[in-house]
Every structure is written in C-alpha cells, then in structure tokens.
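Chain residues, written in single-letter form:
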Amino acid sequence: MPHLLIVEDDELLRDGLCAQLVHAGHTVSSAIDGAQAQAMLESSRFDAVVLDLGLPVVDGVTVLHWIRQRLAALPVLILTARDGVDDRVQGLNAGADDYLTKPFNMAELLARLQSMLRRSRMPAFGGTLEVQSTAAKRLRLDPTLPLGWLDDEPMELTQREWSLLSLLVNNLGQVVGREDVLAVWQSEPTEGSSGSNALEVYVHRLRRKLQDSGLNIRNVRGLGYMLEMVSP
Ligand code: CA
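What counts and how
Residues numbered from 1 in each chain as written. Predicted model: local features only at pLDDT ≥ 70, side-chain atom pairs only at ≥ 80, totals over all residues. Heavy atoms only, no water. Buried < 20%, exposed > 50% of the residue type's maximum accessible area, 1.4 Å probe, protein only. Helix = DSSP H or I, 4+ residues; strand = E, 2+ residues; numbered from the N terminus. Arc of directions from axis to C-beta. Contact = heavy atoms within 4.5 Å. Polar contact = N/O pair within 3.5 Å; in protein donor to acceptor, adjacent residues only side chain to side chain. Donors = N, O, S within 2.8 Å, 3.2 Å for Na, K, Ca; no water. Axes fitted to C-alpha atoms, helices over the stretch in contact; angles between N-to-C directions. Parallel < 35°, antiparallel > 145°, perpendicular 65-115°, else oblique. Left-handed = near helix turned anticlockwise from the far one by under 90°. Nonpolar A, V, L, I, M, F, W, Y, C, P; charged D, E, K, R; others polar. Pairing = 2+ DSSP bridges. Patch = residues over 30% accessible without salt bridge, like charges linked within 9 Å, V, L, I, M, F, W, Y side chains within 5 Å. Areas by Shrake-Rupley, 256 points an atom, 1.4 Å probe, with all protein chains shown as cover. Salt bridge = Lys/Arg side-chain N within 4 Å of Asp/Glu carboxyl O. Lys, Arg positive; Asp, Glu negative; His and termini not counted. Charge placed at Lys NZ, Arg CZ, Asp CG, Glu CD. Phe/Tyr/Trp six-rings, centres within 6.5 Å; stacked < 30°, edge-to-face > 60°. Lys NZ or Arg CZ within 6 Å of the ring centre and 35° of its normal.

Novice: An account of helix α2 (residues 34-43) is needed here, citing residue identities and associated values.
Specialist: Owing to its 3.6 residues per turn, the α-helix brings residues three or four apart onto one side. The set of residues buried in α2 consists of Gly34, Ala37, Gln38, Met40 and Leu41. Seen along its axis, α2 keeps its buried residues to an arc of 165°; they face one direction. Summarising the geometry of α2, the exposed residues directed more than 90 degrees from the buried face are Glu42 and Ser43. Against β1 (3-7), β2 (27-31), β3 (48-52) and α3 (60-70) lie the buried residues of α2. With a side-chain oxygen lying 3.0 Å from the backbone nitrogen of alanine 35, the N-terminal cap of α2 falls on aspartate 33.

Novice: Explain the coordination of the calcium ion to me, using residue names and the numbers behind them.
Specialist: For the calcium ion, the protein coordination sphere consists of Asp9 (OD), Asp52 (OD) and Gly54 (O), at 2.2 to 2.3 Å. A relative accessible area of 34% means that aspartate 9 is categorised as partly exposed. The class of glycine 54 is partly exposed, set by a relative accessible area of 48%.

Novice: How would you sum up the environment of glutamate 228? Please name residues and give values.
Specialist: Residue position: glutamate 228 is located in strand β11 (residues 224-229). Measuring from C-alpha to C-alpha, the distance between glutamate 228 and valine 175 comes to 9.8 Å, with 53 residues separating the pair along the chain. The contact partners of glutamate 228, leaving out residues within four places of it in the chain, are Gly214, Leu215, Asn216 and Arg218.

Novice: Tell me about the packing of helix α6 (residues 159-170) against helix α7 (residues 178-186), and please be specific about residues and values.
Specialist: The contact between α6 and α7 brings their axes to 10 Å, and the two run at 140°. The pairing of α6 with α7 is recorded here as oblique in orientation. Crossing geometry of α6 relative to α7 is assigned as right-handed. Counted together, Arg160, Ser163, Leu164 and Leu167 of α6 and Asp180, Val181, Val184 and Trp185 of α7 form the full contact between these two elements. The residue inventory of the contact of α6 with α7, partitioned by class, reads five nonpolar, one polar and two charged.

Novice: Quick one: what's the story with the pairing of β11, residue by residue and with numbers?
Specialist: The buried fraction of β11 is high, at five of six residues. Pairing geometry for strand β9 (residues 175-177) and β11, over three bridges, is antiparallel. Looking at β11, one finds that valine 176 is bridged to tyrosine 225. One ladder, built from six bridges, connects strand β10 (residues 215-220) with β11; its direction is antiparallel.

Novice: Could you give an account of the packing of α2 against α3, naming the residues involved and the relevant values?
Specialist: Closest axis-to-axis distance for the α2/α3 pair is 10 Å, and the angle between their directions is 15°. The pairing of α2 with α3 is recorded here as roughly parallel in orientation. Here α2 runs over α3; the crossing is right-handed. For the pair α2 and α3, contact is made by Gly34, Gln38, Leu41 and Glu42 and by Val63, Trp66 and Ile67, respectively.

Novice: Provide a residue-level description of a negative patch on the surface, including the pertinent values.
Specialist: A cluster of like negative charges, contributed by Asp9, Asp10, Glu11 and Asp15, occupies part of the molecular surface. The topology assignment puts aspartate 15 in helix α1 (residues 11-23).

Novice: Describe in detail the packing of aromatic side chains, supporting the description with residues and values.
Specialist: One pass over the structure, following the stated rule, counts zero aromatic pairs. Arginine 205 extends its terminal NZ or CZ atom over the ring of tyrosine 202, reaching a point 4.8 Å from the ring centre.

Novice: Let's hear about the sheet that holds β2: which residues, and what values?
Specialist: Within a sheet, adjacent strands bond to each other through the backbone by hydrogen bonds, running parallel or antiparallel. Here five strands make up an open sheet; going across it, the order is β2-β1-β3-β4-β5 and the pairing parallel. Each edge of the sheet is formed by a strand with only one pairing partner; in this case those strands are β2 and β5 (98-101). Recorded for the sheet is a direction-independent mean angle of 20° between the axes of neighbouring strands. In this structure, β1 lies alongside β2, joined through five bridges in parallel fashion. Paired with isoleucine 6 across the bridge in β2 is serine 30. Where α1 meets the sheet, its contacts fall on β1, β2 and β4 (76-80), and the angle it forms with β2 comes to roughly 165°.

Printed below as a string of structure tokens:
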C-alpha cells in the first residue's frame, strides 16, 4: 500500500481527504503545518505527498524546496487556492509534480495521485530522471507541459525542445532515431519548419541549455542522438 502524507491545516478538509484516501486503499498520515510535515518526512518513508501551500509555521513552498533538497524523487502534488496563480507557478518551479486548485473534486485528486505514483515507479519515464553521477544536475521534465528544471532552476523549453528532450530522457543511453523525433514533432502544433536541419538546430539549442549539467546529447552518426552522462 502506498504511504501518503497529507499536509493541510484546514481540519475539515484534512479529515475528509484522509478518510477518502484510506477508503481508496492508501495508508495515510497527516500533518497540520509545515514543521510537522518536515519532522514526519525525516522520520518515516512516504510514497507521495499532498501539500497545501498556505500553511502555518512553515509555508508549503518552503516545505517543497526542503523536500527537493533531501528527497529528490518523492512525488508531490500541491493544493492551491483558486486565485493563487502565482502560488501555482512558484510551486511548479519549486519542483511540484502536479497541482490541484481548491475546491477540487475528490475523484480527480485520486486519479492524479494514481498517475503520479505510477510515474514514480517507472525510472526515466514520465519526466523524472534521476542522474547518478555526482557531477550531474538533476533534470526533470513535466510529463505533459513543456516545462523542465535543472536542479531547482526552471529551464525554458519550447514545445519541440521539450518533446525532443523527453524522448531522449526516456531513452537515456540509447540512440533515438531522427525519424522517431520527426514523427513526434509531426503530431504536434507546428513551430517553424521540421526536417533534419531543424532537428540539428533544436539539438544545438538543447545542448546549450544542458551546458554544465553533466548531461550531453551525442550525435551518433547516421543513426540519431543519444542522451548521456558525461564524466567531470
Ligand atoms: Ca491552508
């Protein structure tokens, strides 16, 4: 059973969430503020966290930064207020895997949690790439939106850069054929010309964005491209 940590200061919402998640077959613990959440994360192992951003004592964004420094791969879904667009952006930039806006539908929360847990069990799939080399920065890609992060720094990615990088991440250490990339691009909204020349341009741009990250896109002549870790 996945062990979930619910961090929510609103007692009614917290109790409701816990009851529903237990009913759905999860093991659930809860914290009423950011400091309690940190203490629990230090003493127990969790499979995912549902984190309210507006929390007393230590706020949600601070807790999220703290989680990302210690438990890089732990999936975190943030809960934000309806008008909290800035919060949501700040939360995603701080490394949240997903978010829901309050008030939310319980069925949707369950579905998002399921998909987050599923992704986290698949290495190098759905965005989270854990880089082993100490020289490498941690690269993460949003599974559905053209967003990426190197450590906690947001990477600016166009739709095409993101789909190319996602393909490379999902095939870390293996060659991705030019035709595979072009096939993915053709299924997406256009962003200038496609074709082999365009592919080289995008690879060049991504190399620049990955500079000093410990990751490199290698050109495998005649075959395609491969994402690899480089030694310091
Ligand atoms: Ca709150």
